[in-house]
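Commentary on secondary and tertiary structure
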Amino acid sequence: MKTIFLSVCLMLSSSVIIAECHYDAKEIAGKYTIEIKDSDSGKLLNKEHLNVWRMGNSVAYENIDTQITEIWSLVSNGQVKPDRYFDEYKRGIEYQPADINNGKGETHWSAKYQIISEADIKKMQLEKTTGNACDELNHYVNHAAKNKFKLAWLTQLNLPKEMSYTQGKTLVTWKLQELMIDKEQIKATFVKRQNYGVTDYADIGDNESDPFLLKMINLGFVGHASGVYSANGEQMALEGEHHH
Amino acid sequence: MKFTRKLATGFAAFAVVSSAYAGSVPDKQLQNDWYTDAQSILSQKLAQKLSSKAKNVILFLGDGMGISTLTASRIREGQLAGQPGEENYLSFEKFPYTALVKTYNVDSQTPDSAGTMTAIMSGVKTDVGVIGVNENIERGKCSTVAGNELVTALELAEIGGLSTGIVSTARITHATPAATYAKSAERNWEDVSDMPETELTAGCKDIADQLVNFETNLEAKFSGTDVNGIEVVMGGGRRHFLPKDAAFNSADAVSSVEGDRTDSRDLTAEWQVAYPNGQYVIDQTGFDAIDTETTERIFGLFNESHMQYEANRAKDIAGEPSLSQMTEKAIKVLDNNDKGFFLMVESGRIDHAHHAGNASNALSDTIELSKAVQAALDNTNPEETLIIVTADHGHVFTIAGYPKRGNPILGKVVSVGETEPALAADDLPYTTLGYMNGKGFRDLGAETDADAVYSEDSLAGRIDLSAVDTETVGFHQETLVPLSSETHAGEDVALHATGPGGYFAQGNIEQSVIFHMINQALGLVTK
């Protein structure tokens, strides 16, 4: 596996030093850990491992612990098509493109594509900028949110390097452990799921005798497993604001 | 409260009364609208001419359209027209002949679409999950197909020289349409990638392959027969006809790779080679451009999977025709054959909306089916066309409580004489419509895609609906038993018929009798 840690690329031009990032932000992946700790005691309650793969107009959330991968694709009419793959069973459920906010608002494609939507980043306050090129980080906080949201944002890659927020009596922290830029590896991640046996969401009712589909009801969905989104598709990170 | 009676049949009241009763029935009763309207219906029946031979047969099938769905849909349609609703009739509910139909499969108390449609099309009830084969089959075993294949009404119509057509809002390889043309040990073998290697090696063909090669296969089965193939095929399911290669994606593909076929075959291209005069269309624009008087045949695949719910149709990328538009177009192509035609039209997504626990979409798709039946009535001669409207099975969908007359059918129960919702023993309001099992309550507001609910877990049990608008398209009714999907029901369904041979729709019948009604009308077996 070709693994590349954050680095700075330098380019000289007309005697001015300009730092550029040569990574392709449209084909990139990040390995994240998500730690959930007790806010008071700091005790680690749960730790998940989530890989976020981005390729063109698709993004995959691969939950290593649950072995469930959710792939979101932006389609030509602006809607978002979600598919869920159960890696242990090599099976998937395909869905029709839909407004992922269940008809209640904008589709928040950017929230799927880069974990935090552009609209939500704009609500935050920029405290400082550090680093440059691929390492350039914008450090944000959201004082308006009840959940003490903090974000270290990789500006050239449109991915969080680290973010944390409170959720009930817990503190949730996402940390980027590793970046992956090997395009063949990224492509293979998507192709592998395309070769699974898939069932159209609408056909679940006609296949109740299918052992996999019978079991699936107890498996839950990646949207929940990843901890990124609440059940109604809203971002957990800004939960406090939505309840104002 | 007195409600105006409106008899939807539109016939004038017929006030002839037998003299033996004239003196004993008071004038107030004789002049009552309910009395005279009902009497006119009987008079119409007395005036009916019975004929048994038809030139054309159109079979409409509402997938999952149980009797409670009919009742709720007719009320909904009436209420959308500003009426109380209960007095309304769906177009086909005005048909003169009706029967109740037993739906069970040979091995299943509650049936599925594969077994039921096989019975309807062949006259032989069979097992759940299998297409066009009898009960001696072992589901999923290709080797058990040989010798157990059944001949369908569509195949017999082809052999008889009639034009034939299949229209569905589901994938055209889905169980109901497939049972008109395919033989398969497994309903899910829609394309080659769905089949285990062992079954492929055993020689079975996927359902999409059987559709495109229908003519060749039928001629091979009946030596010396020369048929010309299915003239009209319209529905969804493009993925099963295209190779698993992004290079073959249609212009409105929603998947990164639209096709599912792993044998590299493009069946749409193969169809075009076989029928160079045929028109392959994928969207509303292509559909609208079809000249029905000059077009020999149509292959319309308007979605990579199922077509949209009628309420969601406007959101389709490239645009899809409605069921009523497809019905009219199909008839206008098929009736170019002087010998007549057989057409099967399925409203396939009533079933899916119910599976998702979303009554609103189930009702709106049923109303669209009613419009499609009206389109058939408007474009055929009633003296030569038998029209049958039925369902393959029902759903666990109920109309409950004691709502007052005209209460919104999608609303909460408001009792007679009251203006506020009635409260149950748990002090919470409740809706008139509900499901026995399934995914349960969701308030998805303006979401017109019933299947959006599948991204969420089941939520059975009571919910406080006090602040919820239950009449929105995205409202999903409460349920008792949590399941990943709401289920079919085992109760009987209705059959409505009009035209030559329609009067054979009587009593309580097995689903296999429907084949014989079609056969009787068209004289298929003797042709």
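Residues numbered from 1 in each chain as written. Chains lettered and ligands numbered in written order. Predicted model: local features only at pLDDT ≥ 70, side-chain atom pairs only at ≥ 80, totals over all residues.

Here's the deal with the overall build of chain B
For clarity, the cut-off: Numbering of helices and strands starts at the N terminus; helices are DSSP runs of H or I of at least 4 residues and strands are runs of E of at least 2. For the radius of gyration, the atoms used are the C-alpha atoms, and the globule rule reads 2.2 Å times the number of residues raised to 0.38. To sort residues by exposure, count the other C-beta atoms lying within 10 Å of each residue's C-beta; 20 or more gives buried, 12 or fewer gives exposed, and values between give partly exposed, all with C-beta atoms placed from the backbone. Placing a C-beta atom from the backbone of each residue, one calls two residues in contact when those atoms lie within 7 Å.
Counting its regular elements, chain B contains 16 helices and 17 strands. Computed over the C-alpha atoms, the radius of gyration of chain B is 24 Å, within 12% of the 24 Å expected from 2.2 N^0.38 for a compact globule of 527 residues. Each of the three principal axes of chain B carries a C-alpha extent, and together these read 70 × 55 × 45 Å. Considering chain B as a whole, with its 527 residues, one finds that 54% of them fall into the buried category. Contacts in chain B between residues at least 24 apart in sequence constitute 70% of all its contacts with a sequence separation of at least 6.

Focus on the packing of helix H13 (residues 323-334) of chain B against helix H15 (residues 359-378) of chain B
All names here are of chain B. Defined as follows: Here an angle of 0 to 180 degrees is reported between the N-to-C directions of two axes, which are lines fitted to C-alpha atoms, with helices fitted over the stretch in contact. Geometric relationships in this document are graded by angle, where less than 35 degrees denotes roughly parallel, more than 145 denotes roughly antiparallel, 65 to 115 denotes roughly perpendicular, and other angles denote oblique. A crossing counts as left-handed when the near helix is turned anticlockwise from the far one by less than a right angle, and as right-handed when that turn is clockwise.
Direction vectors running N to C along H13 and H15 enclose 20°, while the axes themselves pass 8 Å from each other. Judged by the angle between their axes, H13 and H15 are roughly parallel. In terms of crossing hand, the pair formed by H13 and H15 is right-handed. Only Glu368, Leu369, Lys371, Ala372, Ala375 and Ala376 of H15 make contact with H13, whose side of the interface consists of Leu323, Ser324, Thr327, Glu328 and Ile331.

A closer look at the packing of helix H4 (residues 67-80) of chain B against H15(B)
Residues and elements named next belong to chain B. At a closest axis distance of 9 Å, the pairing of H4 and H15 adopts a crossing angle of 80°. The orientation of H4 with respect to H15, classified from their angle, is roughly perpendicular. The segment H4 lies against H15, with Thr69, Ala72, Ser73, Arg76 and Glu77 engaging Ala359, Ala362, Leu363, Thr366, Ile367 and Ser370.

Quick word on the pairing of strand E3 (residues 163-171) of chain B
Residues and elements named next belong to chain B. Filter applied, for reference: Strand pairing is assigned whenever DSSP detects at least two bridges linking the two strands.
Most of E3 sits inside the fold, with nine of its nine residues counted as buried. As paired elements, E3 and strand E7 (residues 341-347) share six bridges and run parallel to each other. Within E7, the residue paired with Ile166 across the bridge is Met344. With four bridges joining them, E3 and strand E4 (residues 232-236) adopt parallel strand pairing. Paired with Ile166 across the bridge in E4 is Val233.

Let's talk about H13(B)
Residue and element names in this part refer to chain B. Here is the rule we go by: To estimate how far a helix should reach, multiply one less than its number of residues by 1.5 Å.
Counted at 1.5 Å a residue, the expected span for H13 with its 12 residues is 16 Å, and the 16 Å between its end C-alpha atoms agrees. Burial within H13 is extensive, with 10 of its 12 residues counted as buried. Turning to H13, its buried residues number three or more, namely Leu323, Ser324, Met326, Thr327, Glu328, Lys329, Ala330, Ile331, Val333 and Leu334. At its buried positions, H13 is contacted by E3, E4, helix H12 (284-288), strand E6 (298-301), E7 and H15.

A look at the environment of Glu62(A)
All names here are of chain A. Counting through the fold element by element, Glu62 comes out in strand E5 (residues 58-63). The exposure class of Glu62 is buried, given the 23 C-beta atoms found within 10 Å. A C-alpha to C-alpha distance of 25 Å links Glu62 and His22, two positions 40 residues apart in sequence.

Points about the sheet that holds strand E7 (residues 80-86) of chain A
Residues and elements named next belong to chain A. Taken together, the 12 strands give an open sheet; going across it, the order is E9-E10-E11-E12-E13-E3-E4-E5-E6-E7-E8-E14, and neighbouring strands pair in mixed fashion. Only two strands of the sheet have a single partner each, and these edge strands are strand E9 (125-130) and strand E14 (197-200). Taken pair by pair, the neighbouring strands of this sheet meet at an average axis angle of 20°, ignoring direction. Inspection of the sheet shows strand E10 (residues 137-142) paired to strand E11 (residues 149-154) by six bridges, in the antiparallel sense. The partner of Tyr140 across the bridge, within E11, is Leu151. Across the face of the sheet, helix H3 (residues 183-194) comes into contact with strand E3 (27-38), strand E4 (44-55), E5, strand E6 (68-74), E7, strand E8 (91-94) and strand E13 (170-180) while running at roughly 100° to E4.

Here's the deal with the confidence of the model for chain A
Residues and elements named next belong to chain A. Note the cut-off: For every residue, the predictor states its confidence as a pLDDT score lying anywhere from 0 to 100.
Confidence in the prediction for chain A averages 79 pLDDT; 77% of positions are at 70 or higher. Across residues 102-106, where pLDDT falls below 50, the model places 14 contacts with residues more than four positions away in sequence or in other chains. Across residues 220-244 the pLDDT falls below 50, and counting only partners more than four positions away or on other chains, this stretch makes 57 contacts in the model.

Quick notes on the environment of Lys81(A)
Looking at the secondary structure, you find Lys81(A) in strand E7. Spatially, the C-alpha atoms of Lys81(A) and Ser58(A) are 9.2 Å apart, while their sequence positions differ by 23 residues. If we skip the residues at most four places from it in the chain, Lys81(A) touches Ser73(A), Val75(A), Tyr95(A), Pro97(A), Val254(B) and Ser255(B).

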